[in-house]
Amino acid sequence: MYLALFFMPWMLMYALSTMLMNHGPVFRKPPQFAVEREQTYTAAFPPDAGPRQMAQQVLSDLGMDGAHGVGKPGPGGRLTINRLDPVAPRRITYTPADGKLIVERQLFRAPALLERLHRRRGFQQPYLIDDAWGLSVDLVIAAMVLWLASGLWMWWELRITRRLGALSIATGLALFGFFLLTI
Amino acid sequence: MTFNRFNRRLHLYLGALLLLWFFVYAISSAPFAHPRWFEPSSDSEPLWVTRFDRPYELAVPGGADLKAIGAQIVRDAGLNGSFGVYQPNQKQINLYFPNFLKPVRVTYFIDQKRLHTEDRRFRWPQFLQSVHARGGYERDSLLDDAWAVLVDLNCIGLLVWIASGLYMWWKTPGVRGWGWLALAAGWGLFALFLFAG
């Protein structure tokens with residue numbers, strides 16, 4: 001019971017986000033950005049620096065260090081960094097040719113927030129907060145398996161519910177099996 | 001039957017009905033959370049096995065209806081079943097036939113005038129991920145829509161589970177204090193993850 005109360009926000013988020021993702025075309029919209037700041041910026045990258053290292057340096061200089069994604073530099077060495085954040089993701093575009101840097105904030109939409117949380121992974125970026133999130137997801141997985149095992153045990157202990165419970169389990173198994181073999 | 005009793009029975013039977021889905025959603029989250037743990041070893045057999053690779057030509061005018069083009073390829077290849085189609089670049093069209101046990105993918109190389117069809121070997125991580133990720137009402141298939149309805153029912157089931165669980169906790173006075181603490185700690189940690197990301 002206490003475990004379920006503790007992990008309630010995670011389960012709520014997974015239930016709502018799954019429903020939204022199941023109705024993707026209704027809720028999924030292209031992200032919209034608003035310019036947050038525009039400034040001049042000159043970075044001196046090491047000659048052999050890859051996009052990842054360049055992005056790290058830009059974010060560090062801006063005081064925005066954290067989980068991010070970056071692609072290959074575009075024309076003129078333009079670097080586009082996606083600073084991953086569940087609530088307020090940002091897009092940072094640095095154009096070395098004219099020394100211009102633009103920080104854009106993704107406009108908030110609740111469905112997008114839920115989908116970002118659903119897809120958030122840990123253990124892929126060198127940041128403690130992301131690994132801690134990954135660990136919390138692992139614990140949710142373990143908790144779900146534990147709830148199923150303890151739920152089965154509680155059901156078996158309640159003699160009065162055995163027959164209808166068995167029917168519910170059999171119906172679920174049959175439905176799942178049917179779809180497994182047909183789609 | 002009192003509401004309290006109804007609530008307990010609802011919690012139990014709903015859990016029993018959706019038991020397998022919850023189990024599969026739980027364990028299938030592991031390959032998503034730890035993809036490296038589930039990567040095949042370098043000496044394992046390739047995931048995709050060629051079924052056939054043959055010359056093929058189909059005009060693909062710019063702005064053509066991809067679904068119609070895909071349907072034509074499916075007919076010409078002698079395949080059947082619901083499929084998805086997309087064009088990653090000007091040189092190829094990709095089709096996929098989602099299936100929990102035996103998915104198929106087809107690649108039409110426009111510039112090479114070649115059709116390549118592959119079957120996926122059964123592997124547990126890919127199987128679990130395909131069950132986990134499947135959903136949506138976009139395919140023209142009654143069975144796929146029925147699966148999407150079940151995904152919705154699972155979400156509603158989870159919400160009902162949460163609500164009925166909260167009610168059971170509230171109706172058990174001896175556990176209220178520790179319950180409040182667990183709730184507050186959970187929401188506090190969740191908020192930290194939200195705003196410290």
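This is a predicted model, so every value here is computed, not measured.

## Let's talk about the overall build of chain B
Check the secondary structure of chain B and you find six helices and five strands. The globule rule puts the C-alpha radius of gyration for 197 residues at 16 Å, and the 24 Å found for chain B is more than 25% above it. Taking the principal axes of its C-alpha atoms as reference, chain B extends roughly 75 × 40 × 30 Å. Within chain B, the fraction of its 197 residues that count as buried is 44%. Sequence separation of at least 24 residues holds for 50% of the intrachain contacts in chain B that already meet a minimum separation of 6. Put simply, chain B shows about 10,700 Å² of open surface, and 62% of that area lies on carbon and sulfur atoms. Averaged over its 20 positive side-chain charges, chain B has a centre that lies 11 Å from the centre of its 15 negative ones.

## Observations regarding the sheet that holds strand β1 (residues 48-55) of chain B
Residues and elements named next belong to chain B. Taking strand neighbours across the sheet as the criterion, the five strands line up as β1-β5-β4-β3-β2 in an open arrangement whose pairing is antiparallel. Looking at the sheet topology across the chains shown, the edges are occupied by β1 and β2 (84-89). Taking each pair of neighbouring strands and ignoring which way they run, the sheet shows an average axis angle of 20°. Relative to strand β4 (residues 104-109), strand β3 (residues 92-97) runs antiparallel, the two being bridged by six bridges. By the bridge assignment, Y96 is partnered in β4 with R105. Relative to β3, helix α3 (residues 66-77) is tilted by about 70°, and along the sheet it contacts β1, β2, β3, β4 and β5 (114-120).

## Quick look at the interface of chain B and chain A
On the chain A side, the residues contacting the 66 residues of chain B number 60 residues. Together chain B and chain A conceal approximately 5,500 Å² of surface at their shared face, both sides included; 80% is due to carbon and sulfur atoms. Interface area lost by chain B to chain A is led by F190(B), F193(B) and G197(B), which between them contribute 12%. Summed over the shared surface of chain B and chain A, the number is zero salt bridges. Viewed at the interface, chain A and chain B are joined by eight residue pairs in polar contact (both at pLDDT 80 or more). The leading source of residues in the side of chain B that touches chain A is helix α5 (residues 142-170) of chain B, at 16 residues. The residue inventory of the side of chain B that touches chain A, partitioned by class, reads 49 nonpolar, ten polar and seven charged.

## Regarding the packing of aromatic side chains
Inspection of the entire model under this criterion finds 30 aromatic pairs over all chains. With 6.1 Å between their ring centres and 20° between their planes, F6(A) and W10(A) make a pair best called stacked. Judged by relative accessible area, which is 21%, F6(A) ranks as partly exposed. Members of the aromatic cluster, joined through ring pairs, are F6(A), F7(A), W10(A), W133(A), W187(B), F190(B) and F193(B). Of note, R162(A) hangs over the ring of W156(A), and the distance from its end group to the ring centre comes to 3.9 Å. Above the plane of the ring of F100(B) lies R134(B), whose end atom (NZ or CZ) is 5.0 Å from the centre.

## Brief notes about the side chain of E115(A)
All names here are of chain A. With respect to the element layout, E115 can be found in helix α5 (residues 110-119). Polar contacts involving the side chain of E115 include one to the side chain of R28, which spans 3.2 Å. Those residues in contact with E115 that sit more than four places away from it in its chain are S17, M21 and R28.

About the thresholds
Along every chain, residues carry numbers that run from 1 in the direction the sequence is written. Chain labels run from A onward and ligand labels from 1 onward, assigned in the order the entries are written. In keeping with the predicted nature of the model, local features appear solely for residues at pLDDT of at least 70, side-chain atom pairs appear and are counted solely at 80 or more, and the whole-chain, interface and lining totals rest on all residues. For the side-chain quantities, the full set of heavy atoms in the structure was used; hydrogens and water were omitted. Where helices and strands are cited, they refer to DSSP runs of H or I of at least four residues and of E of at least two residues respectively, numbered from the N terminus. As a reference, a globule follows 2.2 Å times the number of residues to the power 0.38, and the radius of gyration itself is taken over C-alpha atoms. Between buried and exposed lies partly exposed: a residue is buried under 20% and exposed over 50% of the maximum accessible area for its type, with that area taken using a 1.4 Å probe on protein chains only. Contacts: residue pairs with any heavy atoms within 4.5 Å of one another. Here the open area of atoms and residues is found with the Shrake-Rupley method and a 1.4 Å probe, where only the protein chains shown may cover a residue. Positive charges come from Lys and Arg, negative ones from Asp and Glu, while His and the chain ends are left out of the count. Every charge is mapped to an atom, namely NZ of Lys, CZ of Arg, CG of Asp or CD of Glu. Strands were regarded as paired on the criterion that DSSP finds at least two bridges between them. Axes here refer to lines fitted to C-alpha atoms; in helices the fit is confined to the stretch in contact. Angles between the N-to-C directions go from 0 to 180 degrees. Throughout, the accessible surface (probe 1.4 Å) given up by two parts as they are put together, summed over both, is called the buried area. Note on definitions: salt bridges are taken to be side-chain nitrogens of Lys or Arg within 4 Å of carboxyl oxygens of Asp or Glu. Polar contact is the term for a pair of N or O atoms within 3.5 Å; when the atoms are in protein, one must be able to donate a hydrogen and the other to accept it, and sequence-neighboring residues count only if both atoms are side-chain atoms. When residues are grouped by polarity, Ala, Val, Leu, Ile, Met, Phe, Trp, Tyr, Cys and Pro land in nonpolar, Asp, Glu, Lys and Arg in charged, and all others, Gly among them, in polar. Ring pairs are drawn from Phe, Tyr and Trp, using the six-membered ring of Trp, whenever the two centres fall within 6.5 Å, and their geometry is named by plane angle: stacked under 30 degrees, edge-to-face over 60, tilted for the rest. Only Lys NZ and Arg CZ are tested; either one counts as a charge over a ring when it is within 6 Å of the ring centre and within 35 degrees of the ring normal.

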